[in-house]
Every structure is written in C-alpha cells, then in structure tokens.
Amino acid sequence: MADTFDPLWKSVLRRDLADFVAFFFPQLSDEIDWGQPRRLRDKELNQFRRDGRSRTLIADLLVSVFLHNGREVLLHVEVQAQRDLNLARRILAYNYGLFDEYGLPVASLVLLADAGKRWRPDAFHNCVLGTEMGIRFAVAKLSSYAELVDELLLERNIFAWVAAAHLLAQRTHGMPQRRYAEKWRVVRLLYERGWRRRRIINLFKVVDGLMALPPELQERLRRNIVRLERRRDVEWISPMFQLCRQEGLREGQQKGRQEGRREGAIDLLERQLHRRFGALSPTVQKRLAKASPEQLAQWSEAVLDAQTLKQVFSSRS
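Only a predicted model underlies this, so the values are computations on that prediction, with no experimental measurement involved.

J.: Can you tell me about the nonpolar core, naming the residues and giving the values?
T.: Counting residues in each nonpolar core, the largest one holds 62 residues, and the members touching the most others are Phe20, Phe24, Leu75, Phe159 and Trp161. In terms of residue count, the dominant contributor to this core is helix H7 (residues 158–171) (11 residues). In this structure, Trp161 is in contact with Leu152, Leu153, Glu155, Val186, Leu189, Leu190, Arg193, Trp195 and Leu203, ignoring residues within four places of it in sequence. Judged by nonpolar contacts, the second largest core, of 14 residues, contains Leu269, Leu280, Leu288 and Phe313.

J.: Please give an account of the packing of aromatic side chains that cites residues and values.
T.: The tally for this structure, following the rule as stated, stands at 12 aromatic pairs. Consider the rings of Phe20 and Phe25, whose centres lie 6.1 Å apart with planes at 50 degrees: the pair is tilted. With respect to class, Phe20 is no different from Phe25; both count as buried. Aromatic side chains Phe24 and Tyr145 sit 6.0 Å apart centroid to centroid with 85 degrees between the ring planes, which places their arrangement in the edge-to-face category. Highlighted residues: Phe24 in helix H2 (residues 17–24) and Tyr145 in the loop between strand E7 (138–141) and helix H6 (149–152), separated in sequence by 121 residues. Given a relative accessible area of 6%, Phe24 falls into the buried group. Members of the aromatic cluster, each reached through a chain of ring pairs, are Trp9, Phe20, Phe23, Phe24, Phe25, Tyr145 and Phe159. Cation over ring: Arg41 sits above Tyr102, and NZ or CZ is 5.2 Å from the ring centre.

J.: Quick rundown of the environment of Arg136? Include the residues and the values.
T.: Within the secondary structure, Arg136 sits in strand E6 (residues 131–136). Note on Arg136: relative accessible area 59%, which makes it exposed. Separated by 13 residues in sequence, Arg136 and Ala123 place their C-alpha atoms 4.2 Å apart.

J.: Lay out the packing of H7 against helix H8 (residues 176–192) in plain terms, naming residues and giving numbers.
T.: Where H7 meets H8, the closest approach of the two axes is 9 Å, and the angle between their N-to-C directions is 165 degrees. Judged by the angle between their axes, H7 and H8 are roughly antiparallel. Classified by chirality, the crossing of H8 by H7 is right-handed. Residue-level inspection shows Trp161, Leu168, Ala169 and Arg171 of H7 in contact with H8, the latter providing Arg178, Arg179, Glu182, Arg185, Val186, Leu189 and Leu190. Of the residues that constitute the contact of H7 with H8, the class distribution is 6 nonpolar, no polar and 5 charged.

J.: Tell me about the pattern of salt bridges, and name the residues and values.
T.: Any two side chains of opposite charge can pair, given that their charged atoms come close. Using the criterion set out here, one finds 11 salt bridges in the structure. The residue Asp84 makes a salt bridge to Arg90 at a minimum N-O spacing of 2.9 Å. Here Arg90 falls in the buried class, since its relative accessible area comes to 13%. A salt bridge links Asp122 to Arg136, with the nearest nitrogen and oxygen atoms 3.3 Å apart. Taken together, the residues span a long stretch of sequence, with Asp122 in the loop between strand E4 (106–112) and strand E5 (123–128) and Arg136 in strand E6 at a distance of 14 residues. We classify Asp122 as partly exposed; its relative accessible area is 30%.

J.: Go over the environment of Ser29, please, and point to the residues and values.
T.: For Ser29, the position within the fold is in helix H3 (residues 26–29). When the C-alpha positions of Ser29 and Ala18 are compared, they lie 7.4 Å apart, and in sequence the two are 11 residues distant. If sequence neighbours within four positions are ignored, Ser29 has contacts with Ala18, Val21, Ala22 and Trp34.

J.: Outline the confidence of the model for the chain, supporting the account with residue identities and numerical values.
T.: When pLDDT drops low, the exact placement of atoms in the prediction is not to be read closely. When the pLDDT values of the chain are averaged, the result is 83; 85% of them are 70 or greater. Low pLDDT (under 50) marks residues 243–253, which in the prediction has 2 contacts with non-local residues, meaning those over four places away or in another chain.

The rules behind the values
Residues numbered from 1 in each chain as written. Predicted model: local features only at pLDDT ≥ 70, side-chain atom pairs only at ≥ 80, totals over all residues. Heavy atoms only, no water. Core = buried A, V, L, I, M, F, W, Y, C linked by side-chain atoms within 4.5 Å. Buried < 20%, exposed > 50% of the residue type's maximum accessible area, 1.4 Å probe, protein only. Helix = DSSP H or I, 4+ residues; strand = E, 2+ residues; numbered from the N terminus. Contact = heavy atoms within 4.5 Å. Phe/Tyr/Trp six-rings, centres within 6.5 Å; stacked < 30°, edge-to-face > 60°. Lys NZ or Arg CZ within 6 Å of the ring centre and 35° of its normal. Axes fitted to C-alpha atoms, helices over the stretch in contact; angles between N-to-C directions. Parallel < 35°, antiparallel > 145°, perpendicular 65-115°, else oblique. Left-handed = near helix turned anticlockwise from the far one by under 90°. Nonpolar A, V, L, I, M, F, W, Y, C, P; charged D, E, K, R; others polar. Salt bridge = Lys/Arg side-chain N within 4 Å of Asp/Glu carboxyl O. pLDDT = per-residue confidence, 0-100.

Structure representation (structure tokens):
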C-alpha cells in the first residue's frame, strides 16, 4: 500500500513548529523567542507557487516569528520527500520573493526526508560578468537518524517520534507484517513513557498516519490496544477506533443513499428515452451507467423537448 505523509507532516508542523525547529535546527531555535505570538502566513506562500506545488514536497509552512532581539522575521519551512533538482533554485525564488514583497528577512529551513544519504543541497549561486546572485539555507537530513530510531523513541520532543515513525515507514515499505510489529512496538512504548493522555493521543495519531497498515493488520492492532488499555484501566486510544468506525459507517451510508438516488435517476431516464425513441442500444445504456448525477439531471430535462436521441446527449445546461 502507498504511504501518504503529507497531511500528517503539515498538521504537526502547524501545531508543534517550535518542537520541529528545536529538534532539527537546535542552534537556530535558541535565537527565536517562542514566547511571542506567531502568525501563520500560508496564503502569502501560495502566491509564490508559480508552477503549482512541487510533487516531491511533503509539507511547507510560512510563519512570522520574533527573535530575542525583537526583530520580526519570516520563517519558511519545507519538508522535501525526495530528490528535486530544482529545490535550491525554488528556495531562492521563494526567499527573495517573500522578502521583496513584505520587506521582512526570510529564514529558509529545509528538511530532506528522502531515503538517500548523499543528496544535501543547501545553496544556489549564479555568477556572471562580475554579478553574483544566490542563497545558502539551513538543511537537516532525516536519513542521518536512520540508525538512531531506538534513541529517538526515548525523546520527549514530538518530532523525534515523527522522525522515527517516518523512518520506520520507509524501512518497512512493502512489508506489512514487519510494519505491524514495529508499529505495535512503538504504540506500547507510548504507554510506558508516563505521558499525559493528550500527548499520547497526539503522538498516536502521528504514528498511526505515517505507518499505515492493511485493514486486517489495523484491526489486529486495534484489538491489542483495547486489551492493553483494559490492563491499564484507561480508554485513550481505543475510543478513536470506534469513532473511525462510526465515521466510516456514516460515510458508507451516505454513499449508499447517493448511489441509490443515482440508480433511480438512471432507471427513470431509461424509461423516458425508451418511450420517446424506442429501444436503447448497449452504447446508450453504458453511457447512462457512467453518467454523473448532474448529467442525468441535464438529460432528463432535455428529453422533454428533444426531437432525437442525439439532441438529448448534445444538450448544454
């Protein structure tokens, strides 16, 4: 099954930006006054995506922060999923564009989350005829922690756990049984840390999202968590599975009702067309079966005035 990291990284970055910088860029974190209010500015960042969002990008974030000296700066964070030859050039474009537009210095922090160890772009320069243009930006490499997963799981910083879960997901890609074993190990460790309920739930959401399992193994994990929480006399994570089940059931019921209405619309339109134009060919029946509810509604109106079957399907609302 495919691994999808984007939503998890984005949500955790928004909620725990200070932990992200402290874990991956500790020296830079010391310069920021995290006690001051921060302002998310993702809308401004979107304006500089001329060619759309890079397919290799897991998450990005733009936020204004204050340094201990009182200076306001824009903090531009990117988490890069795999190699991108245009990464450094894009960072330069974003950095200068944001500075030119808002008049604030911009610090670009890039986490490289690809599985390789050698790719580590941290600069872009262009020098011609005595003119030099370029940028050097801060980079951290997730794969540098690949042999330290057990140590990461001893940390309190939430991004140590995000890093561990991401690395374990990479390590167990295509190996569901091994991933199940690693995920169950990580979940058990959550309860052994003595943390509060909210922190355990937040960390579990990260681990659960990054280390996705096939349905049968996810159900096995759920049963083990239920037994674990019974022994500990708590109900922290297990209710989340019940909520997901209820949401899935409601979604399935809603889709069922929608499909039922669609099938009814197809049946009605078939009768109308048969009455007006005679027996329908297999081609027309297939077209009706594939039609959207909007198309069915449009054709149902057109059949009232159309003189031929072709006019029904060529109508425009």
